[in-house]
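One-letter residues, chain by chain:
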Amino acid sequence: MTQQTIAPGSAASGTKKVGFISLGCPKALVDSERILTQLRAEGYQVAASYADADTVIVNTCGFITPAVEESLAAIGEALDATGRVIVTGCLGERPEKILERHPKVAAITGSEAVDAVMSEVRKLIPLDQNPFTSLIPADVKLTPRHYAYLKVAEGCNHKCSFCIIPKLRGLQVSRDAGAVLYEAYRLIAGGTRELMIISQDTSAYGVDLRHRESEFQGRQVAAHLTDLARELGELGVWVRMHYVYPYPHVDRVVELMAAGKILPYLDVPLQHAAPRILKLMRRPGAGKQLDTIRRWREICPDLTIRSTFIVGFPGETEAEFQELLDFLEAAQLDRVGAFAYSDVEEADANALPDAVPEDLKQQRLSRFMEVAQRISAARLAQKVGRTLEIIIDEYNDEEDDAPGTRLIGRTKGDAPGIDGQVYLYAAEFAGQIKIGDVVQAVIEESDEYDLFGEVVGLLPWQTAVPQLGHFRHGG
């Protein structure tokens, strides 16, 4: 989860300021960016601290119990500091939960509710009429300039027993392909060099639209994952796929990866491997995951696969947990995350019998991560000696180094914030490499999660999108 309070610029005297806290997943982060953009478009400024804020917006997460508690704590802190709080996001779909703890919140809206949030802001802190507020500023991004999350759909059609996303965010609502592609085009024109494609189930993109076509640059593009990926792959930036379910048509997306059109990376939330547990979870693909993974790797040998799993699900036996560990060994997944099962209010899994004791959940989680860590270390060790392309995320200079000598970046197989990093020495190129550049680096060492190496070349960007030049970001 992320929690951010940002200040894109200082406000003129008398300008109303709004504090903002963003919690939850990348999909919520996109919603936060839209609200912040609309705030600035209407003339509000974003406060850097509670002391500067006339009111605070808290974009909440309500997926699992720890996330709910974090959201409620953030609301309470903001209330104590300012007295005026607007709550939005997933937890906003359960207002009774919020009001039980914090009856003095000013307003509550649901997820993806930009108009409703803005209506409440205008009521609480109306702006003076000022003709200059009609000058629309650039969009607000909560991610660094060189990468961005691109949400293609909202909601979910699955009925997983441990999840309440359909209750919070509704059934899947996909965006037209033209709208997605024009947003990608605008982001790239503004300096974005990596797009993370997200939704609750990216493989199902466009199903609710019956894959209808829409216009993009004078031609019609279908709202289908394969068509969208093909178009995105022509824009000349890194394109990374998240939350991809193992449907048959994903094979064609992997073919685009093998052809170098999009990054050879799939984030596939498998959750478990034992068929009985998968059925209790109501997850698709029970018993077929290994075959699917092997087929994908045959199509694209350089494919990086990350996944997440739940251990200690109600009824999970020691034999079924061992089946999960055996699956890990066989699948050799590159990146793995895991969670001990936690009850989610209103989730059907709460009623399942044979709950796993908490201490046993934690023991299994530890055993799981030991296996995953060993596999990760072995797979990263295979990269030692290779020359890889690395996108640079930040500087990591030490006092005795020339500026720009030490860098931190990611390979094509690493998503920001959830995967590993590459620590680079770049003495020969000191001062020449900017954040967002892609370099060639020889990998010299590895550990369980990260790589270490030296820059040997700088690669030019050749996007298919004209840049905004000195007009970018209001410059």
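Visitor: For this particular structure, what's the right way to read the layout of surface pockets?
Guide: If you add up the space inside the second largest pocket, you get close to 800 Å³. What lines the second largest pocket is a set of 30 residues, and nearest its centre among them are Trp238, Leu263, Pro264, Glu389 and Lys412. No other element matches the 3 residues that strand β16 (residues 387-395) contributes to the lining of the second largest pocket.

Visitor: Whenever I open this one, the packing of aromatic side chains confuses me. Can you help?
Guide: Centre distance and the angle of the planes are the two values used to describe a pair of aromatic rings. Under the counting rule described, the total for this entry stands at 7 aromatic pairs. The interplanar angle of 20° and the centroid separation of 5.5 Å between the aromatic rings of Tyr423 and Phe452 together place this pair among those described as stacked. In this pair, Tyr423 is assigned in strand β18 (residues 422-425) and Phe452 in strand β20 (residues 451-459), connecting sequence segments 29 residues apart. Three or more aromatic residues link up through ring pairs in this structure, and these residues are Tyr182, Tyr185 and Phe216.

Visitor: Is there a simple way to think about the sheet that holds strand β3 (residues 55-60) in this case?
Guide: The pairing of strands in a sheet happens through backbone hydrogen bonds and is either parallel or antiparallel. Taking strand neighbours across the sheet as the criterion, the 5 strands line up as β2-β1-β3-β4-β5 in an open arrangement whose pairing is parallel. Each edge of the sheet is formed by a strand with only one pairing partner; in this case those strands are β2 (45-46) and β5 (107-108). Pairing between strand β4 (residues 85-89) and β5: 2 bridges, direction parallel. Residue pairing for β5: Ile86 is matched across the bridge by Ala107. Running over the sheet, helix α2 (residues 65-82) touches β1 (17-22), β3 and β4 and is turned about 180° from β3.

Visitor: When you look at helix α10 (residues 289-299) in this model, what are you seeing that I'm missing?
Guide: Because the α-helix completes a turn every 3.6 residues, residues three or four places apart line up on one side. For α10, the full list of buried residues reads Gln289, Thr292, Ile293, Trp296 and Arg297. The arc that holds every buried residue of α10, seen down its axis, measures 130°, which confines them to one face. The secondary structure elements touched by the buried residues of α10 are α8 (250-258), β13 (265-267), α9 (275-281), β14 (304-311), α11 (318-331) and α12 (358-381).

Visitor: For this particular structure, what's the right way to read the packing of helix α7 (residues 225-232) against α8?
Guide: If you want to describe how two helices pack, look at the angle between their axes and the distance between the axes. At a minimum axis separation of 9 Å, α7 and α8 run at an interaxial angle of 15°. Taken as axis vectors, α7 and α8 run roughly parallel relative to one another. Taken as a pair, α7 and α8 cross one another with a handedness that is right-handed. Every residue of α8 that contacts α7 at Leu225, Thr226, Ala229 and Arg230 is listed here: Arg252, Val253 and Leu256. Its residues assigned to classes, the contact of α7 with α8 shows 4 nonpolar, 1 polar and 2 charged.

Procedures and definitions
- Residues numbered from 1 in each chain as written.
- Predicted model: local features only at pLDDT ≥ 70, side-chain atom pairs only at ≥ 80, totals over all residues.
- Heavy atoms only, no water.
- 1 Å grid on protein atoms, 1.4 Å probe; cavity = no way out; pocket = protein on both sides within 12 Å on 5 of 7 lines; lining within 4 Å.
- Points joined across faces, edges and corners; volume = space filled by probe spheres on them.
- Helix = DSSP H or I, 4+ residues; strand = E, 2+ residues; numbered from the N terminus.
- Phe/Tyr/Trp six-rings, centres within 6.5 Å; stacked < 30°, edge-to-face > 60°.
- Pairing = 2+ DSSP bridges.
- Contact = heavy atoms within 4.5 Å.
- Axes fitted to C-alpha atoms, helices over the stretch in contact; angles between N-to-C directions.
- Buried < 20%, exposed > 50% of the residue type's maximum accessible area, 1.4 Å probe, protein only.
- Arc of directions from axis to C-beta.
- Parallel < 35°, antiparallel > 145°, perpendicular 65-115°, else oblique.
- Left-handed = near helix turned anticlockwise from the far one by under 90°.
- Nonpolar A, V, L, I, M, F, W, Y, C, P; charged D, E, K, R; others polar.

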